[in-house]
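# Topology and contacts: notes
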Amino acid sequence: IVGQFMYQFHPLATTPGFYALMGAAAMLSGMARITISLVVILMETTGEANWSIPLFVVVMCATWTGNYFNKGIYHIHIELRHIPLLEQRPEDELLALQAKDIMSEKVTSFHCRATVKDLIGTLEGCRHGAFPVVDASDRFVGLLERSTIMHVLQLGKQYGALTRCPAVDKDNMVPYVEMVRNGHPKKPALSAVKEALAAEDYDKIVDLTPYTDMGCYTVQECASAMRCHTLFRSMGLRHLTVLSDGHVVRGIITRKELVAAAERAEEQGCGGLPAVDNKVAGRGCLQQEQSSSEDESEEEEEDVEMGETSPIVCNDVFVESAKGSISV
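Small disclaimer: the values here were computed from a predicted structure and weren't measured. (Residues numbered from 1 in each chain as written. Predicted model: local features only at pLDDT ≥ 70, side-chain atom pairs only at ≥ 80, totals over all residues. Heavy atoms only, no water.)

## Points about the overall build of the chain
- Scanning the chain from N- to C-terminus turns up 14 helices and 12 strands.
- The burial tally for the chain puts 41% of its 328 residues in the buried class.
- Nonlocal contacts in the chain, meaning residues at least 24 apart in sequence, comprise 71% of its contacts between residues at least 6 apart.
- Carbon and sulfur atoms form 55% of the exposed surface of the chain, whose accessible area is close to 17500 Å². (Helix = DSSP H or I, 4+ residues; strand = E, 2+ residues; numbered from the N terminus. Buried < 20%, exposed > 50% of the residue type's maximum accessible area, 1.4 Å probe, protein only. Contact = heavy atoms within 4.5 Å. Areas by Shrake-Rupley, 256 points an atom, 1.4 Å probe, with all protein chains shown as cover.)

## Structural notes on a negative patch on the surface
- On the surface, Glu-87, Glu-91, Glu-266 and Glu-267 cluster together to form a negatively charged patch.
- Relative to the helices and strands, Glu-87 is located in the loop between helix H5 (73–80) and helix H6 (99–102). (Patch = residues over 30% accessible without salt bridge, like charges linked within 9 Å, V, L, I, M, F, W, Y side chains within 5 Å. Salt bridge = Lys/Arg side-chain N within 4 Å of Asp/Glu carboxyl O. Lys, Arg positive; Asp, Glu negative; His and termini not counted. Charge placed at Lys NZ, Arg CZ, Asp CG, Glu CD.)

## Some remarks on the packing of aromatic side chains
- For the structure on display, the rule yields two aromatic pairs.
- Where Tyr-68 meets Phe-69, the ring centres are 5.2 Å apart and the plane angle is 90°; that geometry is what we call edge-to-face. With respect to burial, Tyr-68 and Phe-69 carry one shared label: exposed.
- Here the aromatic rings of Phe-110 and Phe-131 are separated by 4.9 Å at their centres, their planes lie at 45°, and the arrangement is tilted. Here Phe-110 is found in strand S1 (residues 110–111), whereas its partner Phe-131 is found in strand S3 (residues 130–134), with 21 residues between them in sequence.
- Relative accessible area serves as the criterion here: at 5%, Phe-110 is assigned to the buried category. (Phe/Tyr/Trp six-rings, centres within 6.5 Å; stacked < 30°, edge-to-face > 60°.)

## What to know about the sheet that holds strand S6 (residues 205–207)
- Strands sit in the order S2-S6-S5 across an open sheet of three strands; the sheet is antiparallel. Looking at the sheet topology across the chains shown, the edges are occupied by strand S2 (113–115) and strand S5 (162–163).
- Examined bridge by bridge, S5 and S6 share two bridges and lie antiparallel to one another. Looking at S6, one finds that Thr-163 is bridged to Ile-205. (Pairing = 2+ DSSP bridges.)

## Things to note about the pattern of salt bridges
- Taken as a whole and assessed by the stated rule, the structure comprises four salt bridges.
- Between Asp-201 and Lys-157 there is a salt bridge, with the nearest N and O atoms lying 3.4 Å from each other. With Asp-201 in the loop between helix H10 (190–195) and S6 and Lys-157 in helix H8 (residues 146–159), this residue pair connects regions lying 44 residues apart in the sequence.
- According to the relative accessible area criterion, Asp-201 is buried, its value standing at 1%.

## Some thoughts on the packing of helix H3 (residues 36–46) against helix H4 (residues 52–69)
- Direction vectors running N to C along H3 and H4 enclose 150°, while the axes themselves pass 10 Å from each other. By crossing handedness, the relation of H3 to H4 is classed as right-handed. From H3, Ile-36, Leu-38, Val-39, Leu-42 and Met-43 reach across to H4, where they touch Ser-52, Leu-55, Phe-56 and Val-59.
- Taken together, the residues that form the contact of H3 with H4 break down as eight nonpolar, one polar and no charged. (Axes fitted to C-alpha atoms, helices over the stretch in contact; angles between N-to-C directions. Left-handed = near helix turned anticlockwise from the far one by under 90°. Nonpolar A, V, L, I, M, F, W, Y, C, P; charged D, E, K, R; others polar.)

## Some thoughts on the sheet that holds strand S4 (residues 140–145)
- Taken in spatial order, the three strands of this open sheet run S1-S3-S4, and their pairing is mixed. Pairing within the sheet leaves two strands with one partner each, and these edge strands are S1 and S4.
- Strand direction decides the pairing type here: S1 and S3, joined by two bridges, are parallel. Of the residues in S3, the one forming a bridge with Phe-110 is Val-133.
- The sheet contacts of H8 involve S1, S3 and S4, and relative to S4 the element is tilted by about 75°.

## Here's the deal with the environment of Asp-118
- Its place among the elements puts Asp-118 in helix H7 (residues 116–125).
- Remark: the alpha-carbon pair of Asp-118 and Ile-205, spanning 87 residues in sequence, is separated by 9.6 Å.

## Structural notes on the packing of helix H2 (residues 16–32) against H3
- It is at 11 Å that the axes of H2 and H3 come closest, and there the two elements cross at 150°. The angle between the axes of H2 and H3 places the two elements in the roughly antiparallel class. Between H2 and H3 the crossing geometry is right-handed. For the pair formed by H2 and H3, the contact residues are Leu-21, Ala-25, Leu-28 and Ser-29 on the first element and Leu-38, Leu-42 and Thr-46 on the second. (Parallel < 35°, antiparallel > 145°, perpendicular 65-115°, else oblique.)

All quantities given are derived from atomic positions and should not be read as evidence of function.
Below, the structure written as structure tokens:
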């Protein structure tokens, strides 16, 4: 409308199409927060390099105006779907929080030597992606991925990894190359794992130590939440175990706990939060009412992400990466 009005007075100085292009660029930039790439695309499609300066001005003004009122449409949909996406810069609400304030205290852990029955029961009862492994005195040993457990149970009978004797021979273990051939790091179906086991195998013992990542990252209870956020962003972590001074597992942190803690602090309008309620956090999710289809799609996404719990491999067998965990 403005372009047509101006065209009546200065037909040689401007055209209605110029104003239409500026308006379209401003609308798209203000809605999706697209800046330089949008200007480059418009310049290439129109072939008008003389319009670069007005386009830059319009796009930046629309972006700044939109940021003053709310977030972009993509960020709004990410929050609505409760996708645990960590921004490059931590939220200001995490400044006054510690790891013990945001961690999930409901931790499902395994002992170094567990029965097949206990492993199957735990896998059926939860959807956790990794489990802390503890020794007889409940001291933290390392972190074990869910996919690794399922491959060991599925292939363990063939390589003698399942035994009735408590003193397990470390030579009888599932080679990593066989897990890769079986689809690792993707998880096999739990029904396929059960089909590979006989009734008498459920009472046998599995030594989880050779498959446990003993060099995983851990933090103390008093560690800053900002430090945890930095570790997740810089190291590509999926799980971060929280330990006490005695190296005992106190909780676990995932991306969902970090996002949920920032949201709760923002809603309360304060800099600090009490400890996370187990009923709310649980290995937690921002919304326990999410549909099962969303959970399945999230697990498929996590399968292709870079995790921190991959053991070091040498000569087709697992090698313990360290004798202790790395504390930050």
